[in-house]
Amino acid sequence: MSDSVLTVRDLEVTHAVTGQSVVRQVSFEVVRGRVLGIVGESGSGKTVTVRAVLGILPDILEVTGGAIEVLGRPTSEFTKKDWIACRGSVIGAVFQDPGSYLNPSIRLGKQVEEVLRVKKGLSRAEARAETLRLFRAVHLRNPELVHQQYAHELSGGMLQRVLIAIAISLGPDILIADEATTALDVTVQAEILDLLVELKEAEGLSLVVISHDLAVVAQLCDDVVVMRDGEIVEAGPARAVLRHPQHEYTRLLISEHERFGLDRYFEQDASLQRKAAS
Ligand SMILES: Nc1ncnc2c1ncn2[C@@H]1O[C@H](COP(=O)(O)OP(=O)(O)O)[C@@H](O)[C@H]1O
Ligand SMILES: [Mg+2]
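A few points on the structure. (Residues numbered from 1 in each chain as written. Chains lettered and ligands numbered in written order. Predicted model: local features only at pLDDT ≥ 70, side-chain atom pairs only at ≥ 80, totals over all residues. Heavy atoms only, no water.)

What about the overall build of the chain?
Phase 1 of the analysis: On a plain count of helices and strands, the chain comes out with 11 helices and 10 strands.
Phase 2 of the analysis: In terms of overall dimensions, the chain is globule-like: its C-alpha atoms have a radius of gyration of 19 Å, near the 19 Å expected for 278 residues.
Phase 3 of the analysis: Projecting the C-alpha coordinates of the chain onto the three principal axes gives extents of approximately 55 × 45 × 35 Å.
Phase 4 of the analysis: Across the 278 residues of the chain, 48% fall into the buried class.
Phase 5 of the analysis: A sequence separation of at least 24 residues applies to 67% of the contacts in the chain between residues at least 6 apart.
Phase 6 of the analysis: Surface exposure of the chain reaches about 13400 Å², of which carbon and sulfur atoms provide 50%.
Phase 7 of the analysis: Charge centroids of the chain, computed over 30 positive and 38 negative side chains, lie 6 Å from each other. (Helix = DSSP H or I, 4+ residues; strand = E, 2+ residues; numbered from the N terminus. Rg over C-alpha atoms; globule rule 2.2 N^0.38 Å. Buried < 20%, exposed > 50% of the residue type's maximum accessible area, 1.4 Å probe, protein only. Contact = heavy atoms within 4.5 Å. Areas by Shrake-Rupley, 256 points an atom, 1.4 Å probe, with all protein chains shown as cover. Lys, Arg positive; Asp, Glu negative; His and termini not counted. Charge placed at Lys NZ, Arg CZ, Asp CG, Glu CD.)

Written as structure tokens, this is what we have:
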């Protein structure tokens, strides 16, 4: 067996009231040190899938079939305590709209320190030092200043860096980025994607990158899963799938992106790898 950190097998999610199937027969594997992309148009079930993986589905949606294994342990056996231990420490996640995940009236540094004190049992001084280290690791230019600031004082890109700092603060094996750059300017978006790749190398993370944007997937991912209407229509190595799509829906997604030139991203990706190797 490969070195799988997360295995999803025949996942099925159902609407508890209407009985409507939301996600079905979704299977994929996240291999240690690799980047998996989940792509598909809005409403195709990407977020529901990763929320099921994180154990944070809205009450109205239920896992009604299949299995999820995190580091070889089936999450169906998880107690509340296991979930709390898993989130953050094994799987970190960042979403769109980083501002909504931060408390507007508490200084940013304090919010990160709180996570470290509660979850890692660090002292006040240790938590402060670690917070500044994390802020540097996500390339916040002035860590000491950001530490003292409030969420409204930062740009969207900087807030997402703070959220990424929190997401990696407990040293997870997996980082899930669900449309994490969608709301950002194109330049900032590219910077955040670069950061994710850098952290993957530096912290030995496996990444799950969810996007409706194929260019993001082409730029970042080793493997890709294409979803439509709650199902996987195609999956495989990102290059193979994007260069030789087998499914009509994938071809359609790619043709919509053709005008941006996906090849550009493959080249960028190759240059990043050269940079990492040198
Ligand atoms: N909170 C919710 N309550 C009811 N249905 C939901 C909820 N969230 C998502 N769904 C259903 O799941 C489908 C997939 O949603 P989602 O996973 O958010 O799509 P994506 O992330 O691919 O844009 C939606 O089209 C909707 O039918
Ligand atoms: Mg979504």
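What follows picks up the thread again.
Examining the sheet that holds strand 5 (residues 73–74)
Phase 1 of the analysis: Taken in spatial order, the 4 strands line up as 2-1-4-5 in an open sheet, and their pairing is antiparallel. Unpaired on one side and paired on the other, strand 2 (21–31) and strand 5 mark the two borders of the sheet.
Phase 2 of the analysis: Note: strand 1 (residues 4–15) against strand 4 (residues 61–70), 8 bridges, orientation antiparallel. Paired with Val 13 across the bridge in strand 4 is Val 63. (Pairing = 2+ DSSP bridges.)

Points about the nonpolar core
Phase 1 of the analysis: Grouped together as the largest cluster of nonpolar side chains are 49 residues, with contacts concentrated most on Val 138, Val 162 and Ile 164.
Phase 2 of the analysis: Among the elements that take part in this core, helix 6 (residues 156–168) stands out by supplying 7 residues, more than any other.
Phase 3 of the analysis: Both of domain 1 (4–90 + 174–277) and domain 2 (97–171) provide at least three residues apiece to this core.
Phase 4 of the analysis: Those residues in contact with Val 138 that lie beyond four places of it in its chain are Arg 161, Ile 164, Ala 165, Ile 168, Leu 195 and Leu 199.
Phase 5 of the analysis: Ranked by size, the runner-up nonpolar core spans 32 residues in total, among them Val 8, Phe 28, Val 48 and Cys 86. (Core = buried A, V, L, I, M, F, W, Y, C linked by side-chain atoms within 4.5 Å. Domains from an automatic or database assignment.)

A word on the site of ligand 1
Phase 1 of the analysis: As a matter of local geometry, ligand 1 sits amid 13 residues, with Val 22, Gly 43, Lys 46, Thr 47 and Val 48 nearest to it.
Phase 2 of the analysis: Measuring from an oxygen atom of ligand 1, one finds a backbone N or O atom of Gly 43 at 2.7 Å.
Phase 3 of the analysis: Residue Val 48 places a main-chain N or O atom 2.8 Å away from an oxygen atom belonging to ligand 1.
Phase 4 of the analysis: Relative to its unbound accessible surface of 560 Å², ligand 1 loses 61% to contact with the protein.
Phase 5 of the analysis: Broken down by class, the residue content of the shell around ligand 1 amounts to 5 nonpolar, 6 polar and 2 charged. (Near = heavy atom within 4 Å. Polar contact = N/O pair within 3.5 Å; in protein donor to acceptor, adjacent residues only side chain to side chain. Nonpolar A, V, L, I, M, F, W, Y, C, P; charged D, E, K, R; others polar.)

A closer look at the packing of helix 6 against helix 7 (residues 186–203)
Phase 1 of the analysis: For the pair helix 6 and helix 7, the least separation of the axes is 11 Å and the interaxial angle reads 20 degrees. Relative to helix 7, helix 6 is oriented roughly parallel. The chirality of how helix 6 crosses helix 7 is right-handed. Touching Gly 157, Gln 160, Arg 161, Ile 164 and Ile 168 of helix 6 are Val 188, Glu 191, Ile 192, Leu 195, Leu 196, Leu 199 and Glu 203, all from helix 7. (Axes fitted to C-alpha atoms, helices over the stretch in contact; angles between N-to-C directions. Parallel < 35°, antiparallel > 145°, perpendicular 65-115°, else oblique. Left-handed = near helix turned anticlockwise from the far one by under 90°.)

Topic: helix 3 (residues 108–120)
Phase 1 of the analysis: The end-to-end C-alpha separation of helix 3 is 18 Å, in line with the 18 Å expected for 13 residues at 1.5 Å each.
Phase 2 of the analysis: Residues Leu 108, Gly 109, Gln 111, Val 112, Glu 113 and Leu 116 constitute the buried set of helix 3.
Phase 3 of the analysis: In this structure, the buried residues of helix 3 make contact with helix 4 (124–137), helix 5 (143–148) and helix 6.
Phase 4 of the analysis: Residue Gly 121 follows helix 3 closely and has a positive phi angle near 65 degrees. (Expected span 1.5 Å × (residues − 1).)

Focus on the pattern of salt bridges
Phase 1 of the analysis: Applying the stated criterion across every chain, the model contains 11 salt bridges.
Phase 2 of the analysis: Here Arg 34 and Asp 223 are joined by a salt bridge, their closest N and O atoms 3.0 Å apart. One end of the pair, Arg 34, is in the loop between strand 2 and strand 3 (35–39); the other, Asp 223, is in strand 9 (residues 223–228), with 189 residues separating them in the sequence.
Phase 3 of the analysis: The exposure class assigned to Asp 223 is buried, which follows from its relative accessible area of 18%.
Phase 4 of the analysis: Each of Asp 3, Arg 32 and Asp 173 takes part in one network of salt bridges that share partners. (Salt bridge = Lys/Arg side-chain N within 4 Å of Asp/Glu carboxyl O.)

Comments concerning the packing of helix 3 against helix 4
Phase 1 of the analysis: Helix 4 packs onto helix 3 with a crossing angle of 120 degrees between their chain directions and a minimal axis gap of 9 Å. Classified by the angle between their axes, helix 3 and helix 4 sit oblique to one another. Between helix 3 and helix 4 the crossing geometry is right-handed. Of the residues in helix 4, those in contact with Gly 109, Val 112, Glu 113, Leu 116, Arg 117 and Lys 120 of helix 3 are Arg 124, Ala 127, Arg 128, Glu 130, Thr 131, Leu 134 and Phe 135.

By themselves these figures say nothing about function.
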